[in-house]
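Below, each chain spelled out in residue letters.
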Amino acid sequence: MKLQNYTLRYLAITLLLVIPIWAGIFYVLILDEVYDNIDDDLKNSKIMIIRHAFANKELLNSPEFGINKFTIKPLPKGEYSNKEEFSTSKEFMEYDNDDEPIRTLKTVFNDDKGNPYELTIKASIVEEDELLEDLFLALIGLYVMLVISILAVNHLLLQKIWKSFYTILENLKEIKLGTGSQLKAIDSPIDEFNILEKEVEKMLNRNESIYSSQKQFIENASHELQTPLAISINKLELFAENSVLADEQLMEIGKITDTLSRLTRLNKSLLMLSKIENQQFSEEEDVNFNKLILVLTEDYFDLADFKEVKITVTQNDTLYFKMNKGLAIALISNLLKNALIHNHHNGFVNFIINKNNITISNSGNNFPLNSDLIFNRFYRHTTTNESTGLGLSIVKSIINNYSITIEYLFTNNHQFKIIFPKK
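All figures in this text were calculated on a predicted structure; none of them were measured in a lab.

Further remarks concern the overall build of the chain. Across its full length, the chain holds nine helices and eleven strands. Per-residue burial for the chain yields a buried fraction of 33% across its 423 residues. Considering only contacts in the chain between residues 6 or more positions apart, those separated by 24 or more positions represent 67%. Accessible surface for the chain amounts to roughly 26,600 Å². Of this, 55% is attributable to carbon and sulfur atoms.

Attention shifts here to helix H8 (residues 325-341). The terminal C-alpha atoms of H8 lie 24 Å apart, and with 17 residues this matches the ideal 24 Å at 1.5 Å per residue to within 8%. Counting buried residues along H8, 13 of its 17 residues qualify, which places the element largely inside the surrounding structure. Sitting at the head of H8, Asn324 places a side-chain oxygen 2.9 Å from the backbone nitrogen of Gly326.

The full count for this structure, using the stated rule, is five aromatic pairs. Ring geometry for Phe109 versus Tyr117: centroids 5.8 Å apart, planes at 25 degrees, classification stacked. According to the relative accessible area criterion, Phe109 is buried, its value standing at 7%. With relative accessibility at 12%, the residue Tyr117 sits in the buried group.

The next subject is the side chain of Asn357. Considering the arrangement of structural elements, one finds Asn357 in strand S9 (residues 357-362). Only 2.9 Å separates the side chain of Asn357 from the side chain of Asn354, close enough to count as a polar contact. Contact partners of Asn357, with chain neighbours within four places excluded, come to Leu319, Ile352, Lys417, Ile418, Ile419 and Phe420.

Across the sheet, four strands lie side by side as S1-S4-S3-S2; this open sheet has antiparallel pairing. Every other strand in the sheet has two partners, leaving strand S1 (70-74) and strand S2 (85-93) as the edge strands with one partner each. Strand-to-strand, the axes of this sheet are offset by a mean angle of 25 degrees, without reference to chain direction.

Looking at the element boundaries, Leu11 is found in helix H1 (residues 3-55). As for Leu11 and Val147, which are separated by 136 residues in sequence, their C-alpha atoms are 9.8 Å apart. If we skip the residues at most four places from it in the chain, Leu11 touches Ile150 and Asn154.

Within the secondary structure, Leu340 sits in helix H8. Residues Leu340 and Ala304 lie 36 residues apart in sequence; the distance between their C-alpha atoms is 6.5 Å. The residues touching Leu340, leaving out its near neighbours within four places in the chain, are Tyr300, Leu303, Ala304, Lys307, Val309, Ile311 and Val349.

So, on to the pattern of salt bridges. Tallied over the entire structure, the rule returns three salt bridges. Across the salt bridge formed by Glu84 and Lys46, the nearest N and O atoms sit 2.5 Å from each other. Of this pair, Glu84 sits in the loop between S1 and S2 while Lys46 is found in helix H1, placing the two residues 38 residues apart along the sequence. Overall, Lys46 belongs to the buried group, its relative accessible area being 15%. In this structure, Glu199 and Lys202 form a salt bridge, with 3.8 Å as the shortest nitrogen-oxygen distance.

How each quantity is defined
Residues numbered from 1 in each chain as written. Predicted model: local features only at pLDDT ≥ 70, side-chain atom pairs only at ≥ 80, totals over all residues. Heavy atoms only, no water. Helix = DSSP H or I, 4+ residues; strand = E, 2+ residues; numbered from the N terminus. Buried < 20%, exposed > 50% of the residue type's maximum accessible area, 1.4 Å probe, protein only. Contact = heavy atoms within 4.5 Å. Areas by Shrake-Rupley, 256 points an atom, 1.4 Å probe, with all protein chains shown as cover. Expected span 1.5 Å × (residues − 1). Polar contact = N/O pair within 3.5 Å; in protein donor to acceptor, adjacent residues only side chain to side chain. Phe/Tyr/Trp six-rings, centres within 6.5 Å; stacked < 30°, edge-to-face > 60°. Pairing = 2+ DSSP bridges. Axes fitted to C-alpha atoms, helices over the stretch in contact; angles between N-to-C directions. Salt bridge = Lys/Arg side-chain N within 4 Å of Asp/Glu carboxyl O.

Purely geometric numbers; function is a separate question.
Next up, the structure:
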């Protein structure tokens, strides 16, 4: 989830909780104020009615609600509370042709002779009730519009605020060490983003410097190792050809030469691994793996013929994938060489090319390899001197640079399946 949406989510949840609580409290306060005003009016009417009742004794005989909407009923002699009792009920209104809410006040008062009377006053609260309904609907509308407005404004505001941050992210995606690429300058009103850009730029410059130093060191070290190794091998071969030595001595010289040759291959493999991991193979093109496999099987024909291994290629479809051509060659070459080296006489290596995957199967040992270790550096399941223990490590490093996966299976033969992303 994007940072902007993550922030908006919590803001929306807060608004959805806080605003209804605020609206509910506001509605209750308004409702209480409306009823308080009506009750005050009823209290005022009570005072006026009692005053008129003292002046006009006929009012003391008002047993039914008339146009004035009050009744006065005599009570038996006794002690009564003068407390005012308010209640809300519904009563049929001819104008609205429906039951509408009314507010009622009941109280007891004594005339000038001390006789108790019950006074009941009614007041219609239709207008007030409709006012509250309108207020409730208005609050709902206000709530919805307020939430939408706040979220919309925050979305646009956050989008503008975080624009510089996303610009830095996009710049980082385009940065490749060793190419001398720099961050694009941003002009942000936010101090933190400007500080972030400066710190990221400093970090990139440090990494670029370290990368260049390591690259130069590895290349120099590899070159310095290759030269004496090549000289040593040539001198041993010349010495073996031009000297009269016993067979045992020649065998020992041969072993030394093989060891130096293996060290040369190991040095080249380590250098290639370093280049792959440092992403020095940046040029990419659409590679036709069908043609590539056919060319490589032809190149390895002599090794296959020497090992008496039959190579077959089954093309069910044409497979194209955009990647560095050199890495594509190294990927297939290392898998093919691995399949030939760890094979036996009269064995086989089969390629099956589909639209989105390549399966390489070969005969060999009759037991499965450890799928958790085979791609580790210097892991060797055989003692053959032809293997440096880095072939499958190179394969894994190449695959890690692209959206490719590789699977190992054992079904009476060894299978490596390269799975390319679907287009």
